[in-house]
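# Breakdown of the fold
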Amino acid sequence: MLDLDLLHRFVSVVDAGGFTAAGERVHRSQSTVSQQIRKLEESLECALFVREGRQVSLTEDGERLLGYARRMLALSTEVREAVSGRKRVDVIRLGVPDDFAAETLTAVVAEFAQSHPGVRLSVRCDLTAALARALERGDLDVALIKREPGAGSALAAWPENLHWICGPSLNLEEAGPVPLVAFPQGCIYRNRAIHALEAAGRHWRIAYESPNLTGLQAALKGGLGVALLERRCMVPGLRVVDAALPGVPPTELALCMADTARLPVRRLAMAIQDFCEKETTRLAA
């Protein structure tokens, strides 16, 4: 039998991003957490983390264990609450792309939480590639993901019209590679931008890279380069320069849900779907 305490430490390290931060969360020293992880690795006879200084990342075995660990811990909590007679708190795990975690969507999610006191939301804001993997592993219940149009089943989907966006001071007529401001590798917008430029015979370089939309917007305003983004990412001080660069076909924003989604998850998904429908209509106006 796997030790649930060790599984809890394992999940804490993953969620905290390291042994020291995990120790602070569970009120244990870094060395204690490290010893517990080593004990779990010994019991499973495999390495769960790749340790590089203070940074840690999951091995393939660690990736496989994570989904099982979360489900075992959730089931343990459910059993304990059912036997003790305490009211069960239903945790819903929502994934949202960084460039869609706008104040308005946050308000929708917050309103849902307030109207469902028996539900506890756990919201993860990340790159689409990471959210898609988490949904497949069972680490998320529902997620908004950016993808190729029609790539798989979804509760709902909306076309995304991408635009070349930059600040007022950038001169795209200057000789030299096109300076790109982009999300890290794996982002569909980045892939589309590079493919479009190469197909048109234009040279390019990554001038600024960030996993956060606010970082990209700051770089654009500062004139560091041009980005391929959805129109919702526009803020004052930026301009659309589609005429200066190759055209790019639409991508898709899809609302995906786990096959075994519970009723509260479906209700949250319906609220997000309604928000996305209104947002799509507003941007198209």
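Above: the structure in question.
First, a word on what this report is: a plain description of the structure on this page.

Rules used throughout
- Residues numbered from 1 in each chain as written.
- Predicted model: local features only at pLDDT ≥ 70, side-chain atom pairs only at ≥ 80, totals over all residues.
- Heavy atoms only, no water.
- Salt bridge = Lys/Arg side-chain N within 4 Å of Asp/Glu carboxyl O.
- Helix = DSSP H or I, 4+ residues; strand = E, 2+ residues; numbered from the N terminus.
- Buried < 20%, exposed > 50% of the residue type's maximum accessible area, 1.4 Å probe, protein only.
- Axes fitted to C-alpha atoms, helices over the stretch in contact; angles between N-to-C directions.
- Parallel < 35°, antiparallel > 145°, perpendicular 65-115°, else oblique.
- Left-handed = near helix turned anticlockwise from the far one by under 90°.
- Contact = heavy atoms within 4.5 Å.
- Nonpolar A, V, L, I, M, F, W, Y, C, P; charged D, E, K, R; others polar.
- Phe/Tyr/Trp six-rings, centres within 6.5 Å; stacked < 30°, edge-to-face > 60°.
- Lys NZ or Arg CZ within 6 Å of the ring centre and 35° of its normal.

This part takes up the pattern of salt bridges. For the structure shown, the criterion picks out 17 salt bridges. In this structure, the salt-bridge partner of R70 is D15, at a minimum N-O distance of 2.7 Å. Of the two residues, R70 sits in helix α4 (residues 60–84) while D15 sits in helix α1 (residues 4–16), which places them 55 residues apart along the sequence. Taking relative accessible area as the criterion, R70 reaches 21% and is therefore assigned partly exposed. Between D61 and R64 there is a salt bridge, and its shortest N-O distance comes to 2.5 Å. With D61 and R64 both in helix α4 and three residues apart, this pair spans about one turn of that helix. On the basis of relative accessibility, which here comes to 30%, the residue D61 falls in the partly exposed class. One connected set of salt bridges, linked through shared partners, spans D15, E63, R70, R137 and D139.

Before going further, it helps to examine the packing of α1 against helix α2 (residues 19–26). As a packed pair, α1 and α2 sit with axes 8 Å apart at the nearest point and diverge in direction by 120°. Viewed along their axes, α1 and α2 adopt a mutual orientation that is oblique. The way α1 lies across α2 gives a crossing that is right-handed. Together, H8, R9, S12, V13, D15 and A16 of α1 and F19, A21, A22, R25 and V26 of α2 make up the contact between the two elements. The residue makeup of the contact of α1 with α2, split by class, is six nonpolar, two polar and three charged.

Here we take up unusual backbone geometry. Backbone geometry at E45 places phi at a positive 60°, although glycine is not the residue there. Examined against the element boundaries, E45 turns out to sit in the loop between α3 (30–44) and β1 (49–52). With relative accessibility at 72%, the residue E45 sits in the exposed group.

It is worth spelling out the packing of aromatic side chains at this point. Tallied over the entire structure, the rule returns two aromatic pairs. Look at F10 and F49: their rings are 5.5 Å apart centre to centre, the planes differ by 55°, and that puts the pair in the tilted class. In this pair, F10 is assigned in helix α1 and F49 in strand β1, connecting sequence segments 39 residues apart. Side by side, F10 and F49 carry an identical accessibility label, which is buried. Plain terms: the ring middles of F19 and F49 are 5.7 Å apart, the flat faces sit at 70° to each other, and that makes the pair edge-to-face. Of this pair, F19 sits in helix α2 while F49 sits in strand β1, placing them 30 residues apart in sequence. Of the two residues, F19 and F49, both sit in the buried class. Members of the aromatic cluster, connected to one another through ring pairs, are F10, F19 and F49. Looking at R71, its charged tip hangs above the ring of Y68, at a distance of 5.0 Å from the centre. The side chain of K146 reaches across the aromatic face of Y189, ending 4.2 Å from its centre.

No statement about biological role is implied by the geometric values presented.
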